[in-house]
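# Analysis of the macromolecular model
Chain residues, written in single-letter form:
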Amino acid sequence: MITTTENKLFLVSLSDPAERLQIQFVPLEFQMGRNSDIEDIKIIGRNQPLTHWSGGSSELRLALDFYTENSTEKITEKINWLEKFTFSDGYKSPPSYLKLVWGGMFDNDIFIVKSVNATPNIS
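Okay, so let's go over this structure. Quick caveat: nothing in here was measured; it's all calculated off a predicted structure. Residue indices follow the written sequence of each chain, beginning from 1 at its first position. Since the coordinates come from a predicted model, pLDDT governs what is reported: local features require at least 70, and pairs of side-chain atoms require 80 or more to be given and counted, while whole-chain, interface and lining totals use all residues. In computing side-chain values, all of the structure's heavy atoms are included and hydrogens and water are not.

### A closer look at the nonpolar core
Among buried residues, those of type Ala, Val, Leu, Ile, Met, Phe, Trp, Tyr and Cys that are joined through side-chain atoms within 4.5 Å constitute a nonpolar core. Here the term buried applies to any residue with accessible area under 20% of the maximum for its type, exposed to any over 50%, and partly exposed to those in between, with areas from a 1.4 Å probe on protein chains only. Counting 15 residues, the largest nonpolar core has Leu11, Leu21, Ile23, Phe66, Trp81, Leu82 and Leu100 as the members making the most contacts within it. Secondary structure follows DSSP: runs of H or I at least 4 residues long count as helices, runs of E at least 2 residues long count as strands, and numbering of each begins at the N terminus. For this core, the elements supplying multiple residues, two or more each, are strand S1 (9-13), strand S2 (20-23), helix H1 (72-83) and strand S5 (98-101). A per-element tally of this core places H1 first, with 4 residues.

Right, dumping it as structure tokens:
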């Protein structure tokens, strides 16, 4: 089991070659959710359709904070690293998978990056 120390968080790519990104600050908040895909099957003559469970998904949203003294280039590099996982050539290869290493919280989970939204806070 891999654990973090000193409140550090790592994103590790499971592609070849494996890469990792250290997040300096543990997110102050994160959102976890689960969705079920339920399909209606319309039957002629019935008032209510039959329903069929066709799958489900889990979602994790993190608000990450990057800080580098006097250098926005390093912050941009980290954001670009995350953004590259939102692109894939589905005909040639599957999406890239990431592992979130944060204590033992997500030991059995593998993630796909669906979106990255960067909000600069330069002061």
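Let us keep going from here.
### A short note on the packing of aromatic side chains
In summary, the pairing rule links any two rings of Phe, Tyr or Trp, Trp by its six-membered ring, whose centres are within 6.5 Å, and it sorts them by plane angle into stacked for under 30 degrees, edge-to-face for over 60 and tilted for everything else. Counted under the stated rule, the structure contains 2 aromatic pairs. When the ring of tryptophan 81 is compared with that of phenylalanine 85, the centres are 4.8 Å apart and the planes differ by 75°; the resulting orientation is edge-to-face. Residues tryptophan 81 and phenylalanine 85 agree in their burial class; the two are buried. Judged by centre distance (5.7 Å) and plane angle (80°), the ring pair of phenylalanine 106 and phenylalanine 111 falls under edge-to-face. Residue classification places phenylalanine 106 among the buried positions, given a relative accessible area of 4%.

### Digging into H1
Take the number of residues in a helix, subtract one, and multiply by 1.5 Å to get its expected span. Here H1 contains 12 residues, and its C-alpha end-to-end distance of 16 Å stays within 8% of the 16 Å for a straight helix at 1.5 Å per residue. Burial in H1 covers these residues: Ile75, Lys78, Ile79, Trp81 and Leu82. All buried residues of H1 project into a common sector of 155° when viewed along the axis, lining one side. Residues of H1 that are exposed and angled more than 90 degrees away from the buried face: Glu73 and Glu77. In this description, one arc is meant: the one made by directions from the helix axis to the C-beta atoms.

### Let's talk about the sheet that holds S1
Here a strand pair is declared whenever DSSP counts at least two bridges between the two strands. Taken together, the 3 strands give an open sheet; going across it, the order is S2-S1-S5, and neighbouring strands pair in antiparallel fashion. Two strands in the sheet have a free side with no partner beyond their single neighbour: S2 and S5. The mean inter-strand angle of the sheet, taken between neighbouring strand axes irrespective of direction, is 15°. Inspection of the sheet shows S1 paired to S2 by 4 bridges, in the antiparallel sense. The partner of valine 12 across the bridge, within S2, is arginine 20. Residue contacts are counted whenever heavy atoms from the two residues lie within 4.5 Å of one another. Angles here are taken between N-to-C directions and fall from 0 to 180 degrees, while the axes themselves are lines fitted to C-alpha atoms, restricted in helices to the stretch in contact. Across the face of the sheet, H1 comes into contact with S1, S2 and S5 while running at roughly 130° to S2.

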